[in-house]
Amino acid sequence: MTVQQEKNPIPVPQVEPRAPIPKQNLRIPGPTVVPDEILAEMARPMINHRGPEFAAILRRVTARLQYFFQTRSPVLTYPASGTGGQESAIVNLFSPGDHVVAITIGSFGNRFARIAETYGLQVSRIEFPWGEGADPDVVESRLKTLPPYRGVLVTHNETSTGVTNDIQTLASLIRRHNPDALIAVDAVSSLGCIPLEMDLWDLDVVFTGSQKGWMSPPGVMMIAASERAWQANKSAKLPRFYFDWASSRKRLEAGQHPTTPAVSVFYALDRALELMLEEGREAIFERHRRAGEYVRRRAREMGLELFANPRYASNTVTAVRLPEGFNTKAFMKALREQDGVVLGGGQEHLEGKIFRVGHLGYFREEDLAEAMDKVEQRLRSFGFTGR
Ligand SMILES: *Cc1c(COP(=O)(O)O)cnc(C)c1O
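Residues numbered from 1 in each chain as written. Predicted model: local features only at pLDDT ≥ 70, side-chain atom pairs only at ≥ 80, totals over all residues. Heavy atoms only, no water.

An unreviewed UniProt entry annotates the protein chain as Class V aminotransferase originating from Thermogemmatispora aurantia. Quoted verbatim from the Cofactor (unreviewed entry) field of UniProt, the annotation for the protein chain is "pyridoxal 5'-phosphate". (UniProt positions renumbered as here; feature names shortened; annotations may be inferred.)

Draft legend 1. Fine view of helix α10 (residues 263-279). The terminal C-alpha atoms of α10, which comprises 17 residues, lie 24 Å apart, in line with the 24 Å expected from a rise of 1.5 Å per residue. Along α10, 12 of the 17 residues are buried, which leaves the element largely enclosed by surrounding structure. Within α10, burial applies to V263, V265, F266, Y267, A268, L269, D270, R271, A272, L273, L275 and M276. Tucked into the core, α10 has its buried residues touching α2 (36-41), α3 (52-69), β2 (75-78), β10 (221-225) and α11 (281-301). G280 occupies a position one or two residues after α10 and carries a positive phi of about 95 degrees. (Helix = DSSP H or I, 4+ residues; strand = E, 2+ residues; numbered from the N terminus. Expected span 1.5 Å × (residues − 1). Buried < 20%, exposed > 50% of the residue type's maximum accessible area, 1.4 Å probe, protein only. Contact = heavy atoms within 4.5 Å.)

Draft legend 2. Structural detail: the sheet that holds strand β11 (residues 305-306). Pairing in this open sheet of 3 strands is antiparallel, and the strands run β11-β12-β14 from one edge to the other. The open sheet is flanked by β11 and β14 (354-358), the only strands paired with a single partner. The sheet contact formed by strand β12 (residues 317-321) and β14 spans 5 bridges and is antiparallel. Paired with V317 across the bridge in β14 is G358. (Pairing = 2+ DSSP bridges.)

Draft legend 3. Representation of the packing of aromatic side chains in the model. One pass over the structure, following the stated rule, counts 12 aromatic pairs. Measuring from centroid to centroid gives 5.2 Å for Y67 and F68, while their planes differ by 75 degrees, and the two rings are edge-to-face. Y67 gets classed as partly exposed once you look at its relative accessible area, which sits at 38%. For the pair F112 and F207, a centre-to-centre distance of 5.6 Å together with 90 degrees between the ring planes defines the contact as edge-to-face. Taken together, the residues F112 in helix α5 (residues 107-118) and F207 in strand β9 (residues 205-209) connect sequence positions 95 residues apart. The pair F112 / F207 is uniform in exposure class, with both members buried. Among the aromatic residues, those joined into a ring-pair cluster are F326, F331, F355 and F382. We note R44 situated over the ring of Y267; from NZ or CZ to the ring centre the distance is 4.7 Å. Its guanidinium or amino end placed over the ring of W230, R249 lies 4.4 Å from that ring's centre, counting from NZ or CZ. (Phe/Tyr/Trp six-rings, centres within 6.5 Å; stacked < 30°, edge-to-face > 60°. Lys NZ or Arg CZ within 6 Å of the ring centre and 35° of its normal.)

Draft legend 4. The arrangement of the packing of helix α12 (residues 328-339) against helix α13 (residues 365-381) in detail. Between α12 and α13, the least distance of the axes is 10 Å, while the angle of their chain directions is 125 degrees. Taken together, the axis directions place α12 and α13 in an arrangement best described as oblique. Our pair here, α12 against α13, has a crossing hand that is right-handed. Two secondary-structure elements touch here, α12 through F331, A334, L335, Q338 and D339 and α13 through K374, V375, R378 and L379. Split by residue class, the contact of α12 with α13 holds 5 nonpolar, 1 polar and 3 charged. (Axes fitted to C-alpha atoms, helices over the stretch in contact; angles between N-to-C directions. Parallel < 35°, antiparallel > 145°, perpendicular 65-115°, else oblique. Left-handed = near helix turned anticlockwise from the far one by under 90°. Nonpolar A, V, L, I, M, F, W, Y, C, P; charged D, E, K, R; others polar.)

Written out as structure tokens, the structure reads:
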């Protein structure tokens, strides 16, 4: 022990009671509600992640993810959040100085662009006002004015504004303009909930995270790359180690995860995918369509204004505008503490101006109804009587 440590020991932390997690209607757009039967899976004992039990889980989960991604490419998984997916796409596709186009309609689109800049790429932004989707005609005319580009970064569902881009249309016009462009799609808050067909739409990279539309806790990022992207990966010079796709793929082909996987989250994801297959892709999409319509209708009926252009309204998250000068902070606090309803707030310049309702992954109609009823009652108690 050094003299310094003897004189100034690091105190033993006080034993503090751990507060129970209150029963609440969690309506934020991730992490989302995990149903009890999936939570229970996580109580299973640890296993050797290099042993036969985990290999079986990994094989099963990978095949099911390929189905939900609608791709024949391998789906790689990493212990990471959605941002890891963004970084993984950048470092595996590009080389320093490459020119990429970032189509951004909100906070997560901006983050994707910033990661590209952080790694020394030349980024041209095609930006749309928050609440709007990426207008295909505008994107097409802007692409024509740009110098040659290697890739396009685009968000499928912009969680910060409750907007869903028409990825199929955007991808096909990008492809027409630049057949070799690497199209990287952030599908973190859409995949599994809203239609997306990776191979059919000719998307090069698609990634998502377990805590959004997959009825699972945070901890697993999933990403797939097209044949074009795998070719690009061979010559992509950006440094990478943890997220290196080529070494991960080799491990996956041997039934192994690249590093220690988030074993408990895999237990959950394995069961969640089983439940999703039982429900069926179309039925899941339909459930989310109904949820989106319901939440939007309820908000409008309360006299509130929806933040997103209705043409691009998301079926996984709804952003609702609050009146100028409204005490949003107190409103959300009362909902949380007195009504047990936890809403998402606004990000960046939207803080205090909107609230967001998550309706992705696991939810029952009565949960959404309860949340919207409580919102309506609370608005009234805050003196809001409609516009
Ligand atoms: C949640 C989310 C992310 C990543 O966020 P993490 O906090 O890193 O999981 C990225 N893009 C979108 C569209 C998201 O919804």
